[in-house]
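# Coordinates in review
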Amino acid sequence: MNLLRTGEDIERHEEQTLAPFAQKSTATRGRLHAQPADRWRSEYQRDVARLIHSAAFRRLEYKTQVFLNGTGDHYRTRLTHTMEVASISRTLARALGLNEDLAEAIALAHDLGHSPFGHSGEETLNRLLKDHGGFDHNEQSLRVVTLLESPYENFDGLNLTFEVLEGVQKHATTRTAPDLGDYPCSCLEGQIADLADEIAYYAHDVQDGLEAGLIKPAQLSDVALCAEISRHNGLDLTGTEAKTTRLSLARLLSNHLIHDVLKASAARLAAAGLHSADDVRRHPDLLIGYSDRTAREAKALRAFLYTHLYFHPEVNDANQRACDLMADVFNAYLQDPSQIGREATRRVPNSGLYRAAGDYIAGMTDRYLLREHARLFDTA
Ligand code: MG
């Protein structure tokens, strides 16, 4: 008896088991550069592997999510955030009969374009590049996988499938993507990765914020979503069991949001009468999402996090100081392009000096940028 399953067996299994509106590997629009099928893996499994094995993915370990990288060993980094998004994406995809491998691949790619120092770093790069096309992390993620990661001899990029690029594209209005068509929506697996991103950061930012002491449990009793979940689960937000609150609330919050998305999305899918993944793309509205009530409550939680965590002086000031160093490094490259890395120098003729310097800095880890600053400016 042959126990081994080939890529073809796996793709046949998808055909038989996934929902009609799921994106099947066999129906992929393929890759920009044709490559022969893999013996043991479906097309989206290959994309997952390409992303995990990329240098940009490994560097996520040393990039800030919210708290400056290295300030606490328990806090999320861009890498652990990405892994949580991939895990939630798989859960949502499996429960809805969608393509887990595709949802995972989109999740793994979604933050590859993030600069060092989190959102403040993104704003800084956007300012530095404002007369040269600006900077947006979604767009940059697409640039990373289509241009900057370059493991193949004959072309740039990871040569991912159309559907993964479509999912990563999200809000990007990009110059680097191949023709992704003009459908109003991406496939459901892309919509899932988007929601999973939100669910992951709501839950882990609440947890990390509590752990850092920047958010007090009692403040969360004013946030409807947290108050409601605590009431249902007998969690005392005003109590003294800080650790229990911290750990339980994050878990309960992500469970609550996942269940809500599953129920609301299943109802929308049932009502939409879809027969294929392209029906999803042509549908005028997104189909994966919260119930109306939870959508309102999630928005309020988001506003709370902006005010009390992302712009908390302890978070924001440290990131701002780091961003001043980023601007120094950027300007040093403009003044003396011979200081820029070898790969980035190779891209100057095509991309221009500003964009090449921006790409180079966006790809850096927090600590590499600090080292680069010391190299360029510490004369002692
Ligand atoms: Mg993210």
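Residues numbered from 1 in each chain as written. Predicted model: local features only at pLDDT ≥ 70, side-chain atom pairs only at ≥ 80, totals over all residues. Heavy atoms only, no water.

Turning to the overall build of the chain, a few remarks are in order. For the chain, the helix and strand inventory stands at 18 helices and zero strands. Against the globule reference of 21 Å for 380 residues, the chain gives a C-alpha radius of gyration of 22 Å, in line with a compact fold. Projected onto its principal axes, the C-alpha coordinates of the chain cover approximately 65 × 60 × 45 Å. In the chain, which comprises 380 residues, the proportion classed as buried is 53%. The contacts of the chain with a sequence gap of at least 6 include a subset with a gap of at least 24, amounting to 72%. As presented, the chain carries roughly 17900 Å² of accessible surface, and 50% of it is formed by carbon and sulfur atoms. (Helix = DSSP H or I, 4+ residues; strand = E, 2+ residues; numbered from the N terminus. Rg over C-alpha atoms; globule rule 2.2 N^0.38 Å. Buried < 20%, exposed > 50% of the residue type's maximum accessible area, 1.4 Å probe, protein only. Contact = heavy atoms within 4.5 Å. Areas by Shrake-Rupley, 256 points an atom, 1.4 Å probe, with all protein chains shown as cover.)

For the magnesium ion, every protein donor is listed as His81 (NE2), His110 (NE2), Asp111 (OD) and Asp197 (OD), and the spread of their distances is 2.2 to 2.5 Å. Each donor residue of the magnesium ion belongs to the same chain, and together they define the spacing H-x28-H-D-x85-D. Residue class for Asp111 comes out buried when judged on its relative accessible area of 2%. (Donors = N, O, S within 2.8 Å, 3.2 Å for Na, K, Ca; no water.)

Of all residues in the chain, 95% attain a pLDDT of 70 or more, and the chain-wide mean is 91. In this model residues 171-178 is a low-confidence stretch, pLDDT under 50, and it forms 17 contacts with partners more than four residues away in sequence or in other chains. (pLDDT = per-residue confidence, 0-100.)

With 25 residues, helix α9 (residues 188-212) extends 36 Å between its outermost C-alpha atoms, agreeing within 8% with the 36 Å of an ideal straight helix rising 1.5 Å per residue. In terms of burial, α9 is largely enclosed, as 21 of its 25 residues are buried. Directly after α9, the chain includes Gly213, whose backbone phi takes a positive value near 80°. (Expected span 1.5 Å × (residues − 1).)

Moving on, we get to the packing of helix α6 (residues 118-128) against helix α15 (residues 313-335). Viewed as axis vectors pointing N to C, α6 and α15 meet at an angle of 35°, and their least axial separation amounts to 9 Å. You can see that α6 and α15 cross each other, and the crossing is right-handed. Taken together, the residues of α15 that come into contact with α6 (itself represented by Ser120, Gly121, Thr124, Leu125 and Leu128) are Asn316, Asn319, Gln320, Cys323, Met326, Ala327 and Phe330. Classifying every residue of the contact of α6 with α15 gives six nonpolar, six polar and no charged. (Axes fitted to C-alpha atoms, helices over the stretch in contact; angles between N-to-C directions. Left-handed = near helix turned anticlockwise from the far one by under 90°. Nonpolar A, V, L, I, M, F, W, Y, C, P; charged D, E, K, R; others polar.)

Before going further, it helps to spend a moment on the pattern of salt bridges. If charged atoms from side chains of opposite charge come close, those side chains can pair. All chains considered together, the criterion is met by 21 salt bridges. A salt bridge links Arg31 to Glu43; its shortest N-O distance comes to 2.7 Å. Here Arg31 is found in the loop between α1 (7-17) and α2 (43-52), whereas its partner Glu43 is found in helix α2, with 12 residues between them in sequence. Like Arg31, the residue Glu43 is buried in the burial classification. Between Asp38 and Arg41 there is a salt bridge, with its nearest N and O atoms 3.0 Å apart. One salt-bridge network, held together by shared partners, links Arg90, Arg94, Glu100, Asp101 and Glu104. (Salt bridge = Lys/Arg side-chain N within 4 Å of Asp/Glu carboxyl O.)

Take the side chain of Glu100 next. Mapping Glu100 onto the fold places it in helix α5 (residues 100-109). Owing to a relative accessible area of 14%, Glu100 belongs among the buried residues under this scheme. Beyond its immediate chain neighbours, meaning those up to four positions away, Glu100 contacts Arg90, Ala93 and Arg94.

A separate point is the packing of aromatic side chains. Tallied over the entire structure, the rule returns seven aromatic pairs. Among the aromatic residues, those joined into a cluster by ring pairs are Tyr306, Tyr310 and Phe311. A cation over an aromatic ring shows up here: Arg29 above the ring of Phe162, its NZ or CZ 3.9 Å from the ring centre. (Phe/Tyr/Trp six-rings, centres within 6.5 Å; stacked < 30°, edge-to-face > 60°. Lys NZ or Arg CZ within 6 Å of the ring centre and 35° of its normal.)

We now examine the environment of Asn126. Topologically, Asn126 is positioned in helix α6. Note on Asn126: relative accessible area 35%, which makes it partly exposed. Here the alpha-carbon distance between Asn126 and Gly358, two residues 232 residues apart in the chain, equals 9.1 Å.

Looking now at the side chain of Arg46. Mapped onto the fold, Arg46 is located in helix α2. Judged by relative accessible area, Arg46 falls into the buried class, the value being 8%. If we ignore the near neighbours within four places in the chain, the residues touching Arg46 are Arg31, Gln35, Pro36, Ala37, Asp38 and Arg41.

What follows deals with the packing of α5 against α9. Two elements in contact, α5 and α9, have axes whose closest approach is 8 Å; the angle formed by their N-to-C orientations is 45°. Classified by the angle their axes make, α5 and α9 are oblique. Judged by the twist between their axes, the crossing of α5 over α9 is right-handed. Of the residues in α9, those in contact with Leu102, Ala103, Ile106 and Ala107 of α5 are Glu189, Gly190, Ile192 and Ala193. Tallied by class, residues from the contact of α5 with α9 come to six nonpolar, one polar and one charged. (Parallel < 35°, antiparallel > 145°, perpendicular 65-115°, else oblique.)

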